[in-house]
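Results of the structural survey
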Amino acid sequence: MTYSSKGIAVVTGAAGGMGSHIARRLHADGHRVLLTDIAVDAADAVARDLSPDGSTARAVELDVAHRENFVTTLADCEQVWGTPTILVNNAAVTQAADLMTLGEDDFNRVLTTNVDSVFFGCQVIGAAMAAQGYGRIVNMASLAGQNGGTATGAHYATSKGGILTVTKIFARELAGHGVTVNSIAPGPHDLPIVKATVPPDRLDAVIAGIPVGRMGDPSFVADMVALLTADNAHFVTGACWDVNGGLYVR
Ligand SMILES: NC(=O)c1ccc[n+]([C@@H]2O[C@H](COP(=O)([O-])OP(=O)(O)OC[C@H]3O[C@@H](n4cnc5c(N)ncnc54)[C@H](O)[C@@H]3O)[C@@H](O)[C@H]2O)c1
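Residues numbered from 1 in each chain as written. Predicted model: local features only at pLDDT ≥ 70, side-chain atom pairs only at ≥ 80, totals over all residues. Heavy atoms only, no water.

The chain is annotated in an unreviewed UniProt entry as SDR family oxidoreductase of Gordonia sesuvii. The annotation that UniProt attaches to the chain under Sequence similarities (unreviewed entry) is "Belongs to the short-chain dehydrogenases/reductases (SDR) family." (UniProt positions renumbered as here; feature names shortened; annotations may be inferred.)

Let's talk about the site of the ligand
Taken together, 25 residues lie near the ligand, and Met18, Asp37, Asn90, Tyr156 and His189 sit nearest. In the environment of the ligand, an oxygen atom lies 2.8 Å from a nitrogen or oxygen atom belonging to the side chain of lysine 160. Here the ligand, which alone exposes 820 Å², has 88% of that area covered by the protein. When residues of the shell around the ligand are traced back to their parent elements, those giving at least two are helix 1 (17-28), helix 6 (154-174) and helix 7 (192-197). Its residues assigned to classes, the shell around the ligand comprises 15 nonpolar, seven polar and three charged. (Near = heavy atom within 4 Å. Polar contact = N/O pair within 3.5 Å; in protein donor to acceptor, adjacent residues only side chain to side chain. Areas by Shrake-Rupley, 256 points an atom, 1.4 Å probe, with all protein chains shown as cover. Helix = DSSP H or I, 4+ residues; strand = E, 2+ residues; numbered from the N terminus. Nonpolar A, V, L, I, M, F, W, Y, C, P; charged D, E, K, R; others polar.)

Let's talk about helix 6
Helical periodicity: at 3.6 residues per turn, an α-helix aligns residues three or four positions apart in one direction. Between its first and last C-alpha atoms helix 6 spans 30 Å; for 21 residues at 1.5 Å apiece the expected length is 30 Å, and the two agree. Structurally, helix 6 contributes buried residues whose contacts are with helix 4 (104-132), strand 5 (135-140), helix 5 (144-147), strand 6 (179-186) and strand 7 (240-243). (Expected span 1.5 Å × (residues − 1). Contact = heavy atoms within 4.5 Å.)

Here's what the structure looks like:
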């Protein structure tokens with residue numbers, strides 16, 4: 001089965017930050033975009049900006065921490081537009097934490113939100129994509145999952161390492177069904193969450209420590225998502241694309 005570039009994209013965590021850049025880029029490419037988030041009002045504002053009548057962009061509430069919510073969102077999408085052709089597992093909780101006093105509840109909450117979401121997103125929506133014989137999945141990992149993290153907590157870094165592994169597992173499983181699964185590992189980007197996580201008096205030092213001397217541009221990550229989810233991206237799967245200003249070279 002072949003698909004035109006006009007597909008159906010589901011983006012998690014699309015209310016702001018990186019997710020809204022990705023949703024806007026996919027919409028500009030002609031895809032219909034389902035913007036999902038727990039902050040549904042903010043996601044709805046982005047969706048209305050893109051498509052005032054809701055015909056090409058809609059917002060729905062999706063708490064990615066629970067598998068059944070992906071089942072509900074898939075059913076909603078299938079009823080209104082059809083089976084998704086693109087899934088961007090972007091939602092995450094980003095937190096700093098002291099390593100040796102990090103408690104069980106915080107650790108489990110960040111792990112559950114960040115890893116379960118990607119796992120069950122790939123499982124539930126990946127199965128529907130496999131059944132239709134086409135799909136493109138991009139999972140938002142992080143430099144923290146590769147280097148152990150610096151500004152962010154151990155729970156966040158651990159979760160992002162897990163996402164890299166989940167990506168490989170589903171890439172292998174779905175490759176024979178026309179579905180690719182890749183991850184992107186960004187370093188610090190010029191986004192509100194970075195300024196919320198890094199204390200203001202440390203931000204200049206963090207930027208000075210980046211080999212290219214500046215933070216990343218989220219619109220470029222959106223471009224990467226567009227490239228990885230294009231029809232002709234069929235030969236890239238199980239990969240992690242780094243975008244970290246030279247902070248981690250491998
Ligand atoms: N900003 C960066 O520099 C950077 C660097 C590396 C990786 N990343 C990754 O990129 C992605 C987006 O980052 P961001 O900067 O936009 O972060 P952000 O915190 O600004 O946005 C995350 C979004 O996810 C949503 N969210 C949180 N918990 C949720 C849940 N349980 N269910 C549904 N939605 C939920 C939030 O409401 C928010 O809209 C994340 O996966 C993050 O780990 C970002």
